[in-house]
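# Descriptive structure summary
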Amino acid sequence: MQIALMLALFSLLAGVMSSYVVTAVVSTPQLSKALASETLAYFRGVDRVVNREFTPNQLQAMPVNMTMQDFMNQSAIRQLAPGQWGNPMLDAWGRSLRVMRQPLRQTVALSREVSVPVTGFVFISAGADGVFQTELPSQQIAGSTNTAGLNLARLQSIVAPTGSDDLVFAFTDEEAQRETYAMVKARLERIATVMMKDYQTKINVFKAVHDEAYRVQLLTNPTAVAPDLTVLLLTDPNAPSFADVNTEAARRDLGVLEEFVALERMLPNNGRMRVELTSSNLRLGATLTLSNFSTSPSPWPVVNLSIVLNGGIN
Amino acid sequence: MNSQAFTPRRAGFTLVEMVLVVAAMAILLGASAPPIFRFIQQRDVQVEQNNLQELRRALQAYVADRNALPPADDVSTPAVEWANALAGYTNLSALQMTNDQWGTPRAYIQTVDNTRNVQGATVVINYATFFSRGPDRTAQTAPGIAIVGTAFAPPLDSAWWSNQNPVSARVTQFGALATAGDDMMVKFTDYPEKLERYNLTLTRIDRIASALEALARVNYSETVAYCSGLPRDPTTNLTNVALCDTPGRVERLVYYPIGEQSSGGPSAAGVHRYEAIYATNNTPLADQVRVNNSAASNDLRRADMVKLMRLLGLPDDYCCSALVSDPTNNQPMPFFYFSNPRPRGIGAGCAGRPGIDAPKLPARLSTTNNDAASPPTCG
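Being a predicted model, the structure only gives us computed values, none of them experimental.

### Some details on the overall build of chain B
A tally of helices and strands in chain B yields seven helices and eleven strands. The buried share of chain B, taken over its 379 residues, is 45%. Of all intrachain contacts in chain B linking residues separated by at least 6 positions in sequence, the fraction that spans at least 24 positions is 60%. As presented, chain B carries roughly 18300 Å² of accessible surface, and 58% of it is formed by carbon and sulfur atoms.

### Some thoughts on unusual backbone geometry
Residues and elements named next belong to chain B. The omega angle of the peptide bond from Asn165 to Pro166 is -5 degrees, so this bond is cis rather than trans. Residue Asn67 is not a glycine yet carries a positive backbone phi of 55 degrees. With respect to the helices and strands, the residue Asn67 is situated in the loop between helix 1 (15–66) and helix 2 (81–86). Residue Asn67 is classed as buried on the basis of its relative accessible area, which comes to 16%. Positive phi values are uncommon outside glycine, yet Arg137 reaches one of about 60 degrees. Position of Arg137 relative to the elements: it lies in the loop between strand 2 (121–132) and strand 3 (147–148). Under the relative-accessibility criterion, Arg137 is labelled partly exposed at 42%.

### Quick notes on empty space enclosed by the protein
Following the criterion strictly, the structure yields five cavities of 30 Å³ or more and no others. The calculated volume of the largest cavity comes to roughly 120 Å³. What lines the largest cavity is Leu35, Glu38, Gly83, Gln84, Trp85 and Ala92 of chain A together with Gln49, Leu52, Gln53, Met184, Met185 and Val186 of chain B. Taken as a whole, the second largest cavity holds about 80 Å³ of empty space. As for the second largest cavity, its lining consists of Leu59, Met183, Val184, Ala262, Leu263, Arg265, Leu267, Met273, Leu290 and Trp300 of chain A. Its residues placed into classes, the lining of the second largest cavity shows nine nonpolar, no polar and one charged.

### Side note on the side chain of Arg101 of chain A
Residue and element names in this part refer to chain A. Following the sequence through the fold, Arg101 ends up in strand 1 (residues 98–103). Among buried charged residues, Arg101 stands out as having no salt bridge; its nearest opposite-charge side chain is Asp70, 9.0 Å away. Polar contacts involving the side chain of Arg101 include one to the main-chain carbonyl oxygen of Val64, which spans 3.2 Å. There is a polar contact of 2.7 Å between the side chain of Arg101 and the backbone oxygen of Met66.

### Structural notes on the sheet that holds strand 4 (residues 119–125) of chain A
For sheets, the rule is that strands pair by backbone hydrogen bonds, running either parallel or antiparallel. Residue and element names in this part refer to chain A. Strand order in this open sheet of three strands is 1-4-5, and the pairing throughout is antiparallel. Sheet topology places strand 1 and strand 5 (167–172) at the edges, where each strand pairs with a single neighbour. Ignoring which end each strand starts from, the neighbouring axes of this sheet average 10 degrees apart.

### Regarding the environment of Val114 of chain A
Here Val114 of chain A shows up in strand 3 (residues 114–116). Measuring from C-alpha to C-alpha, the distance between Val114 of chain A and Leu290 of chain A comes to 11 Å, with 176 residues separating the pair along the chain.

### Observations concerning the pairing of strand 8 (residues 302–310) of chain A
Residue and element names in this part refer to chain A. Burial along strand 8 is one-sided: the residues Val303, Leu305, Ile307 and Leu309 are buried and none of Val302, Asn304, Ser306, Val308 and Asn310 is. The sheet contact formed by strand 3 and strand 8 spans two bridges and is antiparallel. Paired with Val114 across the bridge in strand 8 is Val303. Relative to strand 8, strand 7 (residues 285–292) is paired through seven bridges, and the arrangement is antiparallel. Bridging from a neighbouring strand, Ala286 pairs with Leu309 of strand 8.

### A look at the pattern of salt bridges
Going through the model one piece at a time under the given rule, you end up with 20 salt bridges over all chains. Residues Glu196 of chain B and Arg52 of chain A are paired through a salt bridge, measuring 3.4 Å at the closest nitrogen-oxygen approach. Within this pair, whereas Glu196 of chain B is found in helix 5 (residues 191–228), its partner Arg52 of chain A is found in helix 1 (residues 2–58), the two belonging to separate chains. By relative accessible area, which is 12% here, Arg52 of chain A ends up buried. With a closest N to O distance of 3.2 Å, Lys194 of chain B and Asp190 of chain B form a salt bridge. Through salt bridges with shared partners, a single ionic network connects Arg48, Arg52 and Glu179 of chain A together with Glu193 and Glu196 of chain B.

### Considerations on the state of the cysteines
All names here are of chain B. Per the counting criterion, the structure on display carries one disulfide over all chains. The disulfide bridge from Cys319 ends at Cys320, spanning 2.3 Å between sulfur atoms. For the disulfide bridge between Cys319 and Cys320, the dihedral angle about the S-S bond is near -85 degrees, and by the sign convention the bridge is left-handed. As far as burial versus exposure is concerned, Cys319 and Cys320 are alike and both buried.

### Some thoughts on the packing of aromatic side chains
Residue and element names in this part refer to chain A. Across all of its chains, the model carries 18 aromatic pairs over all chains by this definition. Judged by centre distance (5.1 Å) and plane angle (20 degrees), the ring pair of Phe121 and Phe171 falls under stacked. Here Phe121, found in strand 4, pairs with Phe171, found in strand 5; they are 50 residues apart in sequence, far enough to count as distant. Summarising the burial analysis for this pair, Phe121 and Phe171 share the class buried. For the ring pair Phe123 and Phe171, a centre distance of 6.2 Å and an interplane angle of 10 degrees mean the geometry is stacked. Placement of the pair is Phe123 in strand 4 and Phe171 in strand 5, with a sequence separation of 48 residues. For Phe123, a relative accessible area of 0% puts it in the buried group. Residue placement shows Arg272 over the ring face of Phe293; its charged tip is 4.8 Å from the ring centre.

### Points about the sheet that holds strand 5 (residues 184–189) of chain B
All names here are of chain B. Taken in spatial order, the three strands line up as 1-2-5 in an open sheet, and their pairing is antiparallel. Two strands close off the open sheet at either side, each with one partner strand: strand 1 (107–118) and strand 5. Averaged over all pairs of adjacent strands, the angle between strand axes in this sheet comes to 15 degrees, irrespective of strand direction. In this structure, strand 1 lies alongside strand 2, joined through ten bridges in antiparallel fashion. What sits directly across from Val118, in strand 2, is Ala121. Across the sheet, helix 4 (residues 167–176) lies against strand 1, strand 2 and strand 5, angled at about 125 degrees from strand 1, the strand it touches most.

### Re the nonpolar core
Within the largest apolar cluster, 51 residues are counted, with the highest numbers of intra-cluster contacts made by Tyr42, Phe71, Met72 and Phe121 of chain A together with Phe131 and Trp160 of chain B. Per-element accounting of this core gives the leading share, nine residues, to helix 1 of chain A. Apart from the residues within four sequence positions on either side, Phe131 of chain B is in contact with Arg106, Ala107, Ile109, Ile145, Phe152, Trp160, Trp161, Leu177, Thr179, Met184 and Met185 of chain B. Val114, Phe206, Val256 and Val275 of chain A belong to the second-largest nonpolar core, a separate cluster that totals 39 residues.

Rules and cut-offs
- Residues numbered from 1 in each chain as written.
- Chains lettered and ligands numbered in written order.
- Predicted model: local features only at pLDDT ≥ 70, side-chain atom pairs only at ≥ 80, totals over all residues.
- Heavy atoms only, no water.
- Helix = DSSP H or I, 4+ residues; strand = E, 2+ residues; numbered from the N terminus.
- Buried < 20%, exposed > 50% of the residue type's maximum accessible area, 1.4 Å probe, protein only.
- Contact = heavy atoms within 4.5 Å.
- Areas by Shrake-Rupley, 256 points an atom, 1.4 Å probe, with all protein chains shown as cover.
- 1 Å grid on protein atoms, 1.4 Å probe; cavity = no way out; pocket = protein on both sides within 12 Å on 5 of 7 lines; lining within 4 Å.
- Points joined across faces, edges and corners; volume = space filled by probe spheres on them.
- Nonpolar A, V, L, I, M, F, W, Y, C, P; charged D, E, K, R; others polar.
- Lys, Arg positive; Asp, Glu negative; His and termini not counted.
- Salt bridge = Lys/Arg side-chain N within 4 Å of Asp/Glu carboxyl O.
- Polar contact = N/O pair within 3.5 Å; in protein donor to acceptor, adjacent residues only side chain to side chain.
- Pairing = 2+ DSSP bridges.
- Axes fitted to C-alpha atoms, helices over the stretch in contact; angles between N-to-C directions.
- Disulfide = S-S within 2.5 Å.
- Phe/Tyr/Trp six-rings, centres within 6.5 Å; stacked < 30°, edge-to-face > 60°.
- Lys NZ or Arg CZ within 6 Å of the ring centre and 35° of its normal.
- Core = buried A, V, L, I, M, F, W, Y, C linked by side-chain atoms within 4.5 Å.

In structure tokens, the structure reads:
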């Protein structure tokens, strides 16, 4: 009787204990998974902020002389930080991250006209076990600064070793730079398209008026000579010309003011682009050029994108 | 013979045995109690962390679905509204949502940043936090965290991060939030998702613009061919169709599907010419795509935009912004479409739309109705 009572008592204690143990065993991997997910979401969030906001807005992910600490302390990054630590340099477990960036010394050519700075980033969390197992291609990882001599290919090849629970996330802002370039080119082409259509319309009207005058003239003078419209284009005071979009009024009148504003926007470091129309004779043609503003250049070191507008009567 | 009566031995423990067993148990329990207690406490902390993470996931799903945060508590109905809102997005029970592992109420604090400018567009970003008082059941104050006694303060308390001014200060404090003592917290923001949605919206607009341009070129070519094929007056060499009768006029037409303006009625020049072309080509006017920017509801304009997308060969959901939902029914907000993209002059009243007769290309899509009677901008 007493033995049964004692056994029952021990069983009860063991049951209570085992239920705690089972709950802990179940909740620990769940929690590790959730914290890993939160940490990775943070890394992906930084990727998005860099590629969707920083680089499109500033034409570079970060100034070359900015430290990673300052980069991570920006409000846009801090607000994504995981956990309850209020520290963007910690993962969801509250342990220090390894964060590196590599601004390319050389630029990546996107086209013949433009080359741009591209920055690579690597974020590494030690994971649930708190121990870094990932090998890095440089010894200069102390602290959380950049790694000299690291190129994009090596940077993107950093992976956690098999069996490690390290979380490794590498990305670059090259895609954002390419998209920005495509957008810049599209806007410039759109301005050129509008200018060409405007010019062609005026040319057609000009041509039609002279054709009609010639046709009426022929009714009374069959030997009348057809007007040389190319000459008239240069001599007739009413001859049309390309709109001079170097003035804000002309830009607005053509409906392309927004395009110019977008292309010539001011950047955080006062850098800017300039769109300029150059021509020796706006009746015959012009060149629309996007270039870096010489006294306050943008982070894109070389920009010289031109579109030639061919005029005249064909 | 031993006459002493036989007394059967009764089964059981002697006093000494009992004392030894109880003493052993006491020693065992005494030795194991602190680690067991710590183990239980640690387990509770893990369970609470899991529950907070689950709440964050539920909130993420809710916002992705509804493009808005659940309402914050008010003083009279604490922890009811947001918990009810999230009920369909998690397996946690109502009690597990509203109370932490130690039975004390959680705090749900949220705010909306509607001042954020992303590449010239205002993007609404949601921020929220869940707090637990932790094992000691006592809330600890910290920058951006408001308490009253041992509990968290109501959401309207001015010390909360969500009540700082200006709005940018809330975002800054949200980024720096750190709990004190054994309090626990999870944070949520849809900022990266909004950036992605913004990009998706831009992609849609770009694809629509390309499709419109292609359609306009086809329409233009068809119209030129049509006018060229008409019989001409031998004397004037002009056709008898108003559409084609003026030299150079064909090139001046706007060949986009029709976007009506809300003020001043449809663009007479653009619309009527367009209709004339298709009427002459025996296309019933009723079958034409016409986006009415002044429609009585967003649903009606969305239906117009969906027709336009089908005309352009684009997916139906390109009709609308990926960023903004109609608050009345949670449906995507349709774009406004303008077949004549000439901007208004920047002057008093922004009244006139200059050069409505001019062939400015391409058409314009917008997330705001710049043709409204009181346009937010003149652009």
